[in-house]
Amino acid sequence: MKELKITPIKNGTVIDHIEPGMALKVARLLGVPDPDAHSTVSIAMYVKSGKMKYKDIIKIEDRELKKREVNIISLISPNASIAIIKDEEVIKKSRVTLPKVITGIARCSNPNCITNKDEPTETEFTVLGGREVKLRCMYCDRLVDDIIESII
Ligand SMILES: [Zn+2]
């Protein structure tokens, strides 16, 4: 008998292969659980996984992710995959891809950057892949110190 760690959902989104230990941060950035929506949210952390050893999983009932939200997930967890569930069937499943450029998602950590001035300019960052994702400001070239903390 296969033990069910989290209940399957009928309609909604499953974010799988999240970096182990990061699920709560991802959930916070996605604004779930949302007390107004009453959607069921299941979070499993440090689930044993053949490929990555451990992974986190988030299942959100009755919610689809916006492009911006998928981009945020890719910055924190470049190996994550997202499945859309309709009537208990997976209708679409794909791995997140790192965007080359992100606009308006993060704040620049340089206080003197033009994007932090009185008349705010929308931030724009080049996304650098590799073992750890890095963001470089297109205005001042500063690398973002802490991606999670800098997300707007
Ligand atoms: Zn900057």
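Anyway, here's the lowdown on the structure attached to this text. (Residues numbered from 1 in each chain as written. Predicted model: local features only at pLDDT ≥ 70, side-chain atom pairs only at ≥ 80, totals over all residues. Heavy atoms only, no water.)

What follows is about the sheet that holds strand S5 (residues 89-95). One open sheet holds the five strands; their spatial order is S2-S3-S1-S4-S5, and the pairing between them is antiparallel. Strands with a single pairing partner mark the edges of an open sheet, and in this sheet they are strand S2 (41-49) and S5. In this sheet, adjacent strand axes meet at a mean angle of 15° when their direction is disregarded. Two elements, S2 and strand S3 (residues 53-61), share seven bridges in a ladder whose sense is antiparallel. Paired with Lys48 across the bridge in S3 is Tyr54. (Pairing = 2+ DSSP bridges. Helix = DSSP H or I, 4+ residues; strand = E, 2+ residues; numbered from the N terminus. Axes fitted to C-alpha atoms, helices over the stretch in contact; angles between N-to-C directions.)

Here the focus is the layout of surface pockets. Estimates place the volume of the second largest pocket at around 310 Å³. In this structure, the second largest pocket is lined by 15 residues; those nearest its centre are Leu75, Ile76, Glu132, Val133 and Ile147. Where the lining of the second largest pocket is concerned, the elements lending two or more residues are helix H2 (67-76), strand S8 (134-137) and helix H3 (147-150). Of the residues in the lining of the second largest pocket, the class split is 10 nonpolar, no polar and five charged. Formed jointly, the lining of the second largest pocket draws a minimum of three residues from each of two domains, domain 1 (12-95) and domain 2 (101-150). (1 Å grid on protein atoms, 1.4 Å probe; cavity = no way out; pocket = protein on both sides within 12 Å on 5 of 7 lines; lining within 4 Å. Points joined across faces, edges and corners; volume = space filled by probe spheres on them. Nonpolar A, V, L, I, M, F, W, Y, C, P; charged D, E, K, R; others polar. Domains from an automatic or database assignment.)

Before going further, it helps to spend a moment on the coordination of the zinc ion. Distances from the zinc ion to its protein donors, Cys108 (SG), Cys113 (SG), Cys137 (SG) and Cys140 (SG), fall at 2.3 to 2.4 Å. Of note is the zinc ion, whose four donor atoms meet at the metal with angles of 100 to 114° in an arrangement that counts as tetrahedral. Counting the intervening residues between successive donors of the zinc ion yields the motif C-x4-C-x23-C-x2-C. With a relative accessible area of 26%, Cys140 lands in the partly exposed category. (Donors = N, O, S within 2.8 Å, 3.2 Å for Na, K, Ca; no water. Tetrahedral: all angles 85-135°; square planar, octahedral: opposite > 155°, others 65-115°. Buried < 20%, exposed > 50% of the residue type's maximum accessible area, 1.4 Å probe, protein only.)

All quantities given are derived from atomic positions and should not be read as evidence of function.
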